[in-house]
Amino acid sequence: MAESKGRPGSASQRPTGGDKAVATQKKQYFRRKKVCRFCVERIDDINYKDVKLLHGFIAERGKIIPRRISGVCAPHQRRLSDAIKKARNIALLPFAAQI
Amino acid sequence: MRIYEELFIVKPDAPEEEIDQFIEQMKTVVANAGGTVEKVEKWGKRRLAYRVDKFREGAYVLFQFNANPESVKEFERRLRVSDLVIKFLTVRIDETLKRLEKRRKDRDKRAHKRAASAGSAGTPQPAMPAGETPVPGMPGLPKEGSAA
């Protein structure tokens with residue numbers, strides 16, 4: 001409610017858009033609604049030592065996957081990026097991976 | 001006093017006894033500064049994500065301790081001076097632990113409330129229509145619970 005009031009038109013551009021069918025003039029396609037994995041699985045602790053968990057949120061090159069793609073909610077993305085950066089500092093994750 | 005976590009990487013070619021000796025040494029550093037060591041974990045050798053001082057792997061050691069900010073400085077200085085350690089990371093975790101504890105408590109409380117209201121829904125409010133009962137967890141329900 002508040003969002004649409006504050007910035008009209010922003011709702012349609014939100015990354016985690018609805019699960020409604022988005023109809024364009026030419027073709028119709030469905031976008032599945034993305035959900036934050038940390039909210040759904042109730043993961044409270046995003047720890048920098050949990051390499052297995054963090055690995056799912058970095059791209060092949062070692063970059064942090066943006067939440068517009070992964071669907072992580074803002075508070076969790078904040079903690080996640082902190083954790084990934086800590087893990088990089090102690091060589092658990094790469095700054096830039098070779099492929 | 002704050003709770004800290006110290007993760008450091010020891011050279012892979014260091015002998016096991018030397019690492020143990022170094023760990024003991026660091027324990028006394030914390031103890032001398034008036035802190036207490038909560039736990040020490042040796043992860044063993046792991047591949048590093050990138051090369052550090054020409055090493056491709058290293059032995060990780062995790063310290064968790066209670067200490068003053070000043071004594072952490074001393075602890076870090078020791079790590080920096082040591083020839084064994086190639087990298088270290090200090091993280092203050094007392095606030096994180098507190099936050100996690102609070103979240104767990106809140107979650108338990110909510111689950112309790114939900115279980116209580118779901119269990120008592122049949123008896124004390126017989127006037128409620130039958131259609132209302134299968135919606136626990138909806139935002140309306142906790143409000144009822146807090147009012148009662």
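Residues numbered from 1 in each chain as written. Chains lettered and ligands numbered in written order. Predicted model: local features only at pLDDT ≥ 70, side-chain atom pairs only at ≥ 80, totals over all residues.

Caption draft 1: Representation of the overall build of chain A in the model. Counting secondary structure elements, chain A contains five helices and two strands. Counting from the amino terminus, helix and strand elements in chain A follow one another as α-β-β-α-α-α-α. Residues classed as buried in chain A amount to 18% of the 99 residues present. Long-range pairs, those at least 24 residues apart, make up 59% of the contacts in chain A between residues at least 6 apart in sequence. (Helix = DSSP H or I, 4+ residues; strand = E, 2+ residues; numbered from the N terminus. Buried ≥ 20, exposed ≤ 12 C-beta atoms within 10 Å, placed from the backbone. Contact = placed C-beta atoms within 7 Å.)

Caption draft 2: The sheet that holds strand β2 (residues 36-52) of chain B, seen in detail. Residue and element names in this part refer to chain B. Overall, antiparallel pairing links the four strands, which are arranged β2-β3-β1-β4 in an open sheet. Taken across any chain shown, the strands that pair with only one partner, and hence form the sheet edges, are β2 and β4 (85-92). Averaged over all pairs of adjacent strands, the angle between their axes in this sheet comes to 20°, without regard to strand direction. Contacts between helix α1 (residues 16-32) and the sheet are confined to β1 (2-10), β2 and β3 (55-67), with β3 contributing the most and set at about 25° to the helix. (Pairing = 2+ DSSP bridges. Axes fitted to C-alpha atoms, helices over the stretch in contact; angles between N-to-C directions.)

Caption draft 3: Looking closely at the interface of chain B and chain A. At the junction of the two partners, chain B supplies eleven residues and chain A supplies ten residues. Considering each element in turn, the side of chain B that touches chain A owes the most residues, four residues, to β2(B). Of the residues assigned to the side of chain B that touches chain A, the class counts are nine nonpolar, no polar and two charged. (Nonpolar A, V, L, I, M, F, W, Y, C, P; charged D, E, K, R; others polar.)

Caption draft 4: The arrangement of the environment of Ile90(A) in detail. Within the secondary structure, Ile90(A) sits in the segment after α5 (74-89). With 21 C-beta atoms packed within 10 Å, Ile90(A) lands in the buried category.

Caption draft 5: Molecular detail of the environment of Gln28(A). With respect to the element layout, Gln28(A) can be found in strand β2 (residues 28-30). Measuring from C-alpha to C-alpha, the distance between Gln28(A) and Glu41(A) comes to 32 Å, with 13 residues separating the pair along the chain.

Caption draft 6: A look at the confidence of the model for chain B. On average, chain B scores 81 in pLDDT, and the residues at 70 or more come to 80%. Interface predicted TM-score (ipTM) for the complex: 0.70; the corresponding pTM is 0.70. (pLDDT = per-residue confidence, 0-100.)

Caption draft 7: Inspection of the nonpolar core at higher detail. Grouped together as the largest cluster of nonpolar side chains are 33 residues, with contacts concentrated most on Ala83(A), Ile84(A), Ala87(A), Phe8(B) and Ile9(B). Sorting the residues of this core by element identifies α5 of chain A together with β1, α1, β3, α2 (69-81) and β4 of chain B as the ones contributing at least two each. The greatest single-element share of this core, amounting to six residues, is contributed by β3(B). If we ignore the near neighbours within four places in the chain, the residues touching Ile84(A) are Leu54(A), Phe57(A), Ile58(A), Ile64(A) and Leu93(A). (Core = buried A, V, L, I, M, F, W, Y, C linked by C-beta atoms within 7 Å.)

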